[in-house]
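# Secondary and tertiary structure notes
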Amino acid sequence: MAEAVPVAAGAEAAAGPTAPVMARSAAVSAFGVFLVLGVLTASLGASLPFLRERFGAEHEVGRVVSAYNLGALAATVCIGLLGRRLNVRAAPPVLLAVFAAGAAGMAASPGWAAYLGCAAVTGIGYGGLALTLNTAFARGFAGNSVVMVNRLNAVFGIGAMLGPLAAGAVGHADIRLLALAAAVCALPCFLVGRAGAVLDVPEAGSGPQGGPGVRVGLGLLPFLLVGLVYAGMETSIGTWQSTQLVRDGWSTEAATAAASGFWAGMALGRLVVPQLTRRLPGRTTLPAYLAAALAALLLAAVPHLAVVAYPLAGLAMAPVLPTLIAWVSGVAEVPQQATSVLTLCCMLGNAVVPAVVGALGGSGGAVVIPLVLAAACLLCLGLAVWLRAVRR
């Protein structure tokens, strides 16, 4: 095995107390892959006006985003259903090839139907890579796994910030060039295939300290509920914070621009916060992150402080999901299957919770929205405390 990243002691992870098994070359390639994934994924929405110019106004260009995400959902479901039958060693290189082929197909598509189909194929590669590489990082760095999963997702966030800029730069020439660039940039990351080695699990599942691993079922329920509520809360803040700022007296343009502070806080938090708490176990840090986020959301209810409070909330919330992924991967009998089910619950939360927040606070005053968000955070905190109690 090639050299690996140094680790710190004390955090929960799948690899146990021994040295990490993720090769440095695989980790560097994974960072490159996630940067490309972030750029292309975030560029799709910004590309819609250019797609309308390229393929004609008669097409519902917004369907490309749906096709891409449906492909990602299909990959997540298939990985979850396959469980141990999945060849985990072969998964990362195959999925990278699928992503690159789909993106190249988007670039070469002569018509709208072909472009839409290739976007779905690209989404399969995206969803599968996001799932398998998150699981590999959660298992491949021993006590440093939480930090590394956060760094991996921070790189995706950096790519997501660059995506709309890239779409604007190439859109007036030919928006398909962006997909071509994604395919070309993905190919040098072929060493990401070595990440599949850390996904291998023995036939008899083993949890921490050699104990029995947790199977998909009631044993994972606390993890799944935390993921569902947390993901929905994150999406709800992104959806409703600008509405609150407008009700607080901001112009629409200023409120939209200020809303980016939450995502900037998320990106910074994934780089900084886990590094500061790396020696603490997930059962301790997860409730602490959510308690800090609750305080920030309550601060957002104070008039004119929301513009500061939401970036603070993003800073506190940033490590929650990567910490949850690392934790569940460390105790699950089949880690990629457990991560798949967790991801599906997060998708469900993304769809359900913002609608609930809108129903409860969408028509109220400026103070109602942060209070509803704080209530969701309090629920998530309670679930995290329950998770800590059942996983002692």
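Residues numbered from 1 in each chain as written. Predicted model: local features only at pLDDT ≥ 70, side-chain atom pairs only at ≥ 80, totals over all residues. Heavy atoms only, no water.

### What about the overall build of the protein chain?
Filter applied, for reference: Numbering of helices and strands runs from the N terminus, with a helix taken as a DSSP run of H or I at least four residues long and a strand as a DSSP run of E at least two residues long. The globule rule is 2.2 Å times the number of residues to the power 0.38, and the radius of gyration it is compared with is taken over C-alpha atoms. Three exposure classes are used, based on accessible area relative to the maximum for each residue type with a 1.4 Å probe and protein chains only: buried under 20%, partly exposed in between, and exposed over 50%. By definition in these notes, contact holds between two residues if any of their heavy atoms fall within 4.5 Å. Using a 1.4 Å probe, the Shrake-Rupley method yields the accessible areas, and only the shown protein chains count as cover for residues.
The helix and strand inventory of the protein chain stands at 14 helices and zero strands. Helices (α) and strands (β) of the protein chain occur, in sequence order from the N terminus, as α-α-α-α-α-α-α-α-α-α-α-α-α-α. The C-alpha atoms of the protein chain give a radius of gyration of 21 Å, which matches the 21 Å a tight globule of 392 residues would have. Expressed as lengths along the three principal axes of its C-alpha atoms, the size of the protein chain is roughly 55 × 50 × 35 Å. Burial status across the protein chain gives 54% buried among its 392 residues. In the protein chain, the proportion of contacts linking residues at least 24 apart, taken out of those at least 6 apart, comes to 83%. Only carbon and sulfur atoms are counted for the fraction: they give 69% of the accessible area of the protein chain, which is about 15500 Å².

### Things to note about a nonpolar patch on the surface
Note the threshold: Think of a patch as exposed residues, more than 30% relative accessible area, with no salt bridge, where like charges cluster within 9 Å and nonpolar side chains (Val, Leu, Ile, Met, Phe, Trp, Tyr) cluster within 5 Å. Here a salt bridge means any side-chain nitrogen of Lys or Arg lying within 4 Å of a carboxyl oxygen belonging to Asp or Glu.
A contiguous nonpolar surface patch, about 400 Å² in accessible area, is contributed by Leu-299, Val-302, Leu-305, Val-307, Val-308 and Leu-312. Counting through the fold element by element, Leu-312 comes out in helix 11 (residues 306-317). Exposure remark for Leu-312: the relative accessible area of 40% places this residue in the partly exposed category.

### A short note on the packing of aromatic side chains
Centre-to-centre distance and the angle between the planes together describe a pair of aromatic rings. Heads up, the condition is: Between the rings of Phe, Tyr and Trp (Trp by its six-membered ring), a pair exists once the centres lie within 6.5 Å; its type follows the angle of the planes, with under 30 degrees stacked, over 60 edge-to-face, and the other angles tilted.
Counted by the stated rule, this structure contains ten aromatic pairs. With centroids separated by 6.3 Å and ring planes inclined at 20°, the aromatic side chains of Tyr-126 and Phe-156 adopt a geometry described as stacked. Of this pair, Tyr-126 sits in helix 4 (residues 112-139) while Phe-156 sits in helix 5 (residues 145-174), placing them 30 residues apart in sequence. Ring pairing ties together the aromatic residues Phe-34, Tyr-68, Tyr-126 and Phe-156, which thus form one cluster.

### Digging into the side chain of Asn-150
You can see Asn-150 is positioned in helix 5. Beyond its immediate sequence surroundings of up to four residues, Asn-150 is in contact with Arg-270, Pro-274, Ala-318, Pro-319, Pro-322 and Thr-323.

### What about the layout of surface pockets?
The condition is simple: Here a cavity denotes grid points, spaced 1 Å and computed from the protein atoms alone, that fit a 1.4 Å probe unable to get out, and a pocket denotes an open set having protein on both sides within 12 Å along at least 5 of 7 lines; residues with an atom within 4 Å of a point are the lining. Grid points are joined across faces, edges and corners, and a volume is the space filled by probe spheres set on the points. By the convention adopted, Pro, Cys, Tyr, Trp, Phe, Met, Ile, Leu, Val and Ala count as nonpolar, Lys, Arg, Asp and Glu as charged, and the other residues, Gly among them, as polar.
In this structure, the largest pocket encloses a volume near 1600 Å³. Thr-41, Tyr-126, Phe-156, Glu-234 and Asn-350 are the residues nearest the centre of the largest pocket, which is lined by 39 residues in total. Contributing elements (two or more residues each) for the lining of the largest pocket: helix 1 (24-55), helix 2 (63-82), helix 4, helix 5, helix 7 (221-247), helix 9 (260-276), helix 12 (320-331) and helix 13 (335-361). The residue inventory of the lining of the largest pocket, partitioned by class, reads 25 nonpolar, twelve polar and two charged.

### Looking at the side chain of Gln-241
Structurally, Gln-241 can be placed in helix 7. Classification of Gln-241 as buried rests on a relative accessible area of 1%. Not counting residues up to four positions away in its chain, the partners in contact with Gln-241 are Ser-236, Ala-259, Phe-262, Trp-263 and Tyr-310.

### As for the packing of helix 10 (residues 282-300) against helix 11
What counts is decided by this rule: A fitted line through C-alpha atoms serves as each axis, taken over the contacting stretch for helices, and the angle formed by two N-to-C directions is quoted from 0 to 180°. We call two directions roughly parallel when the angle between them is under 35 degrees, roughly antiparallel when it is over 145, roughly perpendicular when it lies between 65 and 115, and oblique otherwise.
Contact pair helix 10 / helix 11: the axes reach a minimum separation of 8 Å and the direction vectors enclose 170°. The angle between the axes of helix 10 and helix 11 places the two elements in the roughly antiparallel class. Listed contacts from helix 11 to Tyr-289, Ala-292, Ala-293, Ala-296, Leu-297, Leu-299 and Ala-300 of helix 10 are Ala-306, Ala-309, Tyr-310, Leu-312, Ala-313, Ala-316 and Met-317. Across the contact of helix 10 with helix 11, the residue classes tally to 14 nonpolar, no polar and no charged.

The quantities given are spatial measurements derived from coordinates; they are silent on function.
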